[in-house]
Amino acid sequence: MKLVLEGKAKKIFQSENKSYYIQYFKDSATAFNNKKKRDFNKKGIINNLISSDIFIYLNKNNIRTHFVKKISEREQLIKKVDIIPVEVVVRNYAAGSLVKRLAIKKGKKLKTPLIEFYFKCDELDDPFISDDHITLLNLANRDDIKKIKKVSIKINNLLIKYFRKINFILVDYKLEFGILNKKIILADEISPDSCRLWDIKTKISFDKDIFRENKGNLLKSYNEIIKRLKIEVKNV
Ligand code: TMP
């Protein structure tokens, strides 16, 4: 298979059918723009299970996504889309960089969900950008930005419900979108690598903050998400 792109946690391969790619989940975890790195045995398998389950749920709820199907332990068949190089962060509670930047108390519930944009650019450390920066850099047009905000709120409502059912608070997370036939399509992954998930009762993290902040056992926590979701697992 021809490798199209290798990222920090995934690889993208060309599929036999030129309209599709194969997304492969690696075991590597990075934080702080690659300054901290480690492999976690089978993390890729776990993230593929969780992200596939979430994308199936979003597809069922009429969100347009790139996800077609899970094809192996570590692989998904996905539609080829033109990725918009913007990370869309949705926040329901204050944590991470929001706490650092604006001194809002960690764990404070936000009055309404907050949507933020970051320019996907490793050399610049993914800087925080505004709608005007997005149009200035020609990353997306005004209409697409409006659509991205609208669909992000829809996704947020669905994901809050999805995680509340299994006793997690969805604190914040990162989405990526692409364009296919002029339509905005949800792409990339949604996994504990790209979300903050806190247990409803204890407020303990079950996400990549375990690795960022050296707290707890990452694989054990990711496996607990699988267990709570009752995802059928072979050999994880
Ligand atoms: P932040 O608080 O560090 O800005 O992160 C907000 C959310 O976005 C958090 O759930 C982690 C996720 N995220 C990524 O998935 N990739 C990234 O590169 C960054 C910076 C954050």
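Whatever comes next refers back to the structure up there.
Reading guide: rules and limits
- Residues numbered from 1 in each chain as written.
- Predicted model: local features only at pLDDT ≥ 70, side-chain atom pairs only at ≥ 80, totals over all residues.
- Heavy atoms only, no water.
- Phe/Tyr/Trp six-rings, centres within 6.5 Å; stacked < 30°, edge-to-face > 60°.
- Helix = DSSP H or I, 4+ residues; strand = E, 2+ residues; numbered from the N terminus.
- Buried < 20%, exposed > 50% of the residue type's maximum accessible area, 1.4 Å probe, protein only.
- Core = buried A, V, L, I, M, F, W, Y, C linked by side-chain atoms within 4.5 Å.
- Contact = heavy atoms within 4.5 Å.
- Near = heavy atom within 4 Å.
- Polar contact = N/O pair within 3.5 Å; in protein donor to acceptor, adjacent residues only side chain to side chain.
- Areas by Shrake-Rupley, 256 points an atom, 1.4 Å probe, with all protein chains shown as cover.
- Nonpolar A, V, L, I, M, F, W, Y, C, P; charged D, E, K, R; others polar.
- Pairing = 2+ DSSP bridges.
- 1 Å grid on protein atoms, 1.4 Å probe; cavity = no way out; pocket = protein on both sides within 12 Å on 5 of 7 lines; lining within 4 Å.
- Points joined across faces, edges and corners; volume = space filled by probe spheres on them.
- Axes fitted to C-alpha atoms, helices over the stretch in contact; angles between N-to-C directions.

A. Highlighting the packing of aromatic side chains. Considering all chains together, one arrives at seven aromatic pairs under this definition. Their ring planes at 90° and their centres at 6.3 Å tell us that Phe13 and Tyr24 sit as a pair that is edge-to-face. Here Phe13, found in strand β2 (residues 10-14), pairs with Tyr24, found in strand β3 (residues 20-25); they are eleven residues apart in sequence, far enough to count as distant. Relative accessible area serves as the criterion here: at 12%, Phe13 is assigned to the buried category. With 6.2 Å between their ring centres and 40° between their planes, Phe55 and Phe67 make a pair best called tilted. With a gap of twelve residues between them, Phe55 in helix α1 (residues 43-60) and Phe67 in strand β6 (residues 67-70) connect regions that are remote in the sequence.

B. Focus on the nonpolar core. Judged by nonpolar contacts, the single largest core of 51 residues is most densely connected at Leu58, Ile155, Leu175, Phe177 and Ile190. Among the elements that line this core, the one with the most residues is helix α4 (residues 142-164), at eight residues. With near-sequence residues (within four places) excluded, Phe177 lies in contact with Asp82, Ile83, Ile84, Val88, Ile148, Val151, Ser152, Ile155, Ile184, Ile185, Leu186 and Ala187. Tyr93, Ile169, Val171 and Trp198 belong to the second largest nonpolar core, which has five residues in total.

C. Examining the site of the ligand more closely. Lining the immediate surroundings of the ligand are 14 residues, of which Arg91, Ser97, Asp172, Lys174 and Arg196 lie closest. Measuring from an oxygen atom of the ligand, one finds a side-chain N or O atom of Arg91 at 2.8 Å. At 2.6 Å from an oxygen atom of the ligand is found a side-chain nitrogen or oxygen belonging to Asp172. When isolated, the ligand has an accessible area of 450 Å², and the protein chains bury 77% of it. Broken down by secondary-structure element, the contributors of at least two residues to the shell around the ligand are β9 (86-93), α2 (96-102), β12 (168-180) and β14 (195-199). Of the residues in the shell around the ligand, the class split is five nonpolar, three polar and six charged.

D. Highlighting the pairing of β6. As paired elements, β6 and strand β7 (residues 75-79) share three bridges and run antiparallel to each other. Bridging across to β7, Lys70 finds its partner in Gln76. Counted between consecutive antiparallel strands, the loop separating β6 from β7 contains four residues.

E. Quick peek at the layout of surface pockets. Its volume calculated, the second largest pocket comes out at about 300 Å³. Lining the second largest pocket are Asn62, Ile63, Arg64, Lys146, Lys147, Lys150, Val151, Lys154, Lys182, Lys183 and Ile184. Within the residue set of the lining of the second largest pocket, elements represented by two or more residues are α4 and β13 (183-187). Looking at the lining of the second largest pocket element by element, the count peaks at five residues for α4. Residues belonging to the lining of the second largest pocket are distributed by class as follows: three nonpolar, one polar and seven charged.

F. Focus on the sheet that holds β7. With antiparallel pairing, the five strands of this open sheet are ordered in space as β1-β2-β3-β7-β6. Only two strands of the sheet have a single neighbouring strand rather than two, namely β1 (3-6) and β6. When strand polarity is set aside, the average angle formed by the axes of neighbouring strands in this sheet is 25°. Across the sheet, α1 is in contact with β3, β6 and β7; its angle to β6 comes to roughly 135°.

Purely geometric numbers; function is a separate question.
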